[in-house]
Amino acid sequence: MRKRLVLTLVLAILSVAAYACASDKPADTNPTVIATATVSPAENITGEVTPTEVPIISTPTAIPTPTNAPSVTNANRKIVWAVYFAQPISEEAQKEVRRYLEEQGFDCEIEFTQTLYLGGSEYSDWLSFEKRKRTAPDILCAGVWENGIYDAMKFVEAEMVPLDDYLATEEGKKLYEAYGGVEWFSVDGKKYTVPYRRPANQISSCQLYVNNRYKEIFDAAFDGTYESLRKMCDMDTENRPVIATSAFGKRALLFFLGYSGDFRTSYNPQTQEFVNIIRQKQTKELLQTVYEDCKTGRLVKTETAAGIPENTIVYISQGPDDVPEGFTLFSVSDAQPLYTLGLSYGVAADSQRKELAMQVLGACYSNPRIASLLCWGVSDEKDWMEYTATAKAAAEPIVSLAGFVPDLTEKQYRALRRYDDDIVSLCSRMFLNSTGKPILNLYYEEALDSFFEKQNDYDDLFEVINRQWKQWAAKAK
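Residues numbered from 1 in each chain as written. Predicted model: local features only at pLDDT ≥ 70, side-chain atom pairs only at ≥ 80, totals over all residues. Heavy atoms only, no water.

1. Some remarks on the pattern of salt bridges
- In total, this model carries 24 salt bridges according to the counting rule given.
- Salt-bridge contacts for K133 lead to E130; the nearest nitrogen and oxygen are separated by 3.5 Å.
- Exposure remark for E130: the relative accessible area of 12% places this residue in the buried category.
- For R230, the salt bridge is made with E227, and the minimal N-O distance between the two is 3.3 Å. One end of the pair, R230, and the other, E227, are both in helix α9 (residues 226–235), three residues apart, so they sit about a helical turn from each other.
- Given the relative accessible area of 16%, R230 is considered buried. (Salt bridge = Lys/Arg side-chain N within 4 Å of Asp/Glu carboxyl O. Buried < 20%, exposed > 50% of the residue type's maximum accessible area, 1.4 Å probe, protein only. Helix = DSSP H or I, 4+ residues; strand = E, 2+ residues; numbered from the N terminus.)

Structure below.
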């Protein structure tokens, strides 16, 4: 009896061992393993990086793949394009992009996803959240930031991959040559995004609309100065034409002084240096002249383009405006379009399909029909090619400032913002809006005198900017 019991136990043990050997599965595949990984979000505008503990659930147990599921190869060729709210891509445009890529032989899926209304640090937070979910996009926008281009530069360096190696390839050269050299913006010598082109009628800068009845006189007499507009008004003593404006602000001031307003400062393209215009005698003189014309009725303030008097010779607009009937758009304040990071797209540094994403961008933005559709919302191959010709014929980057941004401390940047605010305030004081309707400030001349007597000292700031500009220009040669 005892021998029979021992034999039974031995057989049972051998059976269990045999079953275990037959199963032959690693011990760590059966239970769900929970680990913790540290994910560093993108650097925000304060420069602080806060590691976030994110639970990662690993379930390696094999699941049968349905026969109709996409293959791994196709899944790896899916490109997620994050559409920025300020640079929308309509559903029709998305369909056209997909059709075009298919025609070009791309074996991939393009998924357009919205970033909603996120700007500044919220945009960075959104991307960090998407990365933690493992749903971060492959293509994303440089975005709009609290501190403008300064924050945008930090963002693209942290969150995008440079395009330079791709642009050096035979395929990438087609993309590079589809734009003028001045359009390619560099951050620390590297290109991160495809240039963004804003339509001429959407450029937020001073624009002049010329009355077609006076266009011949304008073409012959206008030399870029406000004084030449005044002289035109005096040429027609019978109709006594006037100058109209929605607002004579900073953009108009810089334009008639012959300056540009890149990154909150003021640049003289003739001398190729940055100038503190509130130290310039002609700045005060121009504002005094404009104010005098407002008092005499030579310059008429109008709320909209629809309110322009019939005898207007030129309408000065501070930004995008509908072209008044019977008028022709003459120019924008900058001699060349503003080339910056703006709303441009690039490839995410965390993308698992960087090469494919670059190829998609290259194919889309080197084609005038598709590129204009993505940037302008409509396919306008003719205007796109004209823009390209203008950009290619433009001055070298050293002259247009493309790619140069001064490296300022937080204190210096605050001073630059004060400088910009001072100029804006200097112009806006000309009119008061306490009644809900702008009226001429009767004490504006006193305000001018007081401002120029007690102006802030920005000489050290401009010295720093000009020194960096010269060093950058010397390297660019």
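From this point, the narrative continues.
2. Describing unusual backbone geometry
- Phi is positive for D188, which is not a glycine, with a value near 55°.
- In this structure, D188 sits in the loop between β6 (186–187) and β7 (190–191).
- Positioned with a positive phi, R240 is a non-glycine residue whose angle comes to about 45°.
- If you trace the backbone, R240 turns up in the loop between α9 and β9 (242–245).

3. Description of a nonpolar patch on the surface
- A contiguous nonpolar surface patch, about 380 Å² in accessible area, is contributed by F85, L116 and Y117.
- Relative to the helices and strands, L116 is located in the loop between β4 (109–114) and α4 (121–132).
- Look at L116 and you get exposed, because its relative accessible area is 59%. (Patch = residues over 30% accessible without salt bridge, like charges linked within 9 Å, V, L, I, M, F, W, Y side chains within 5 Å. Areas by Shrake-Rupley, 256 points an atom, 1.4 Å probe, with all protein chains shown as cover.)

4. Re the packing of aromatic side chains
- In the structure shown here, the tally under the stated rule is 31 aromatic pairs.
- Ring centres of Y179 and W384 lie 6.2 Å apart, and the angle between their planes is 80°; this geometry places the pair in the edge-to-face category. Separated by 205 residues along the polypeptide, Y179 in the loop between α7 (170–176) and β6 and W384 in helix α14 (residues 381–393) bring together distant segments of the chain.
- For W384, a relative accessible area of 2% puts it in the buried group.
- Consider the rings of F222 and F330, whose centres lie 5.5 Å apart with planes at 90°: the pair is edge-to-face. In this pair, F222 sits in the loop between α8 (215–221) and α9 while F330 sits in strand β14 (residues 327–332), placing the two residues 108 residues apart along the sequence.
- By relative accessible area, F222 is classed as buried at 14%.
- F330 gets classed as partly exposed once you look at its relative accessible area, which sits at 39%.
- An aromatic cluster is defined as three or more aromatic residues linked by ring pairs; in this entry it consists of Y84, F85, Y123, W126, W145 and F155.
- The residue whose ring lies beneath R197 is W384, and the NZ or CZ to ring-centre distance is 4.4 Å.
- For the cation-ring pair, K301 lies above F431, with the distance from its terminal atom to the ring centre recorded as 5.6 Å. (Phe/Tyr/Trp six-rings, centres within 6.5 Å; stacked < 30°, edge-to-face > 60°. Lys NZ or Arg CZ within 6 Å of the ring centre and 35° of its normal.)

5. So, the pairing of β9
- In β9, alternate side chains face the same way, and those of V242 and A244 on one face and I243 and T245 on the other are all buried.
- In the sheet, β9 pairs with strand β12 (residues 299–301) via three bridges, with the strands oriented parallel. Bridge pairing in β12 links I243 to L299. (Pairing = 2+ DSSP bridges.)

6. Looking at the side chain of Q207
- Structurally, the position occupied by Q207 is in strand β8 (residues 207–211).
- Residue classification places Q207 among the buried positions, given a relative accessible area of 0%.
- A distance of 2.8 Å separates the side chain of Q207 from the side chain of Y209, its partner in a polar contact. (Polar contact = N/O pair within 3.5 Å; in protein donor to acceptor, adjacent residues only side chain to side chain.)

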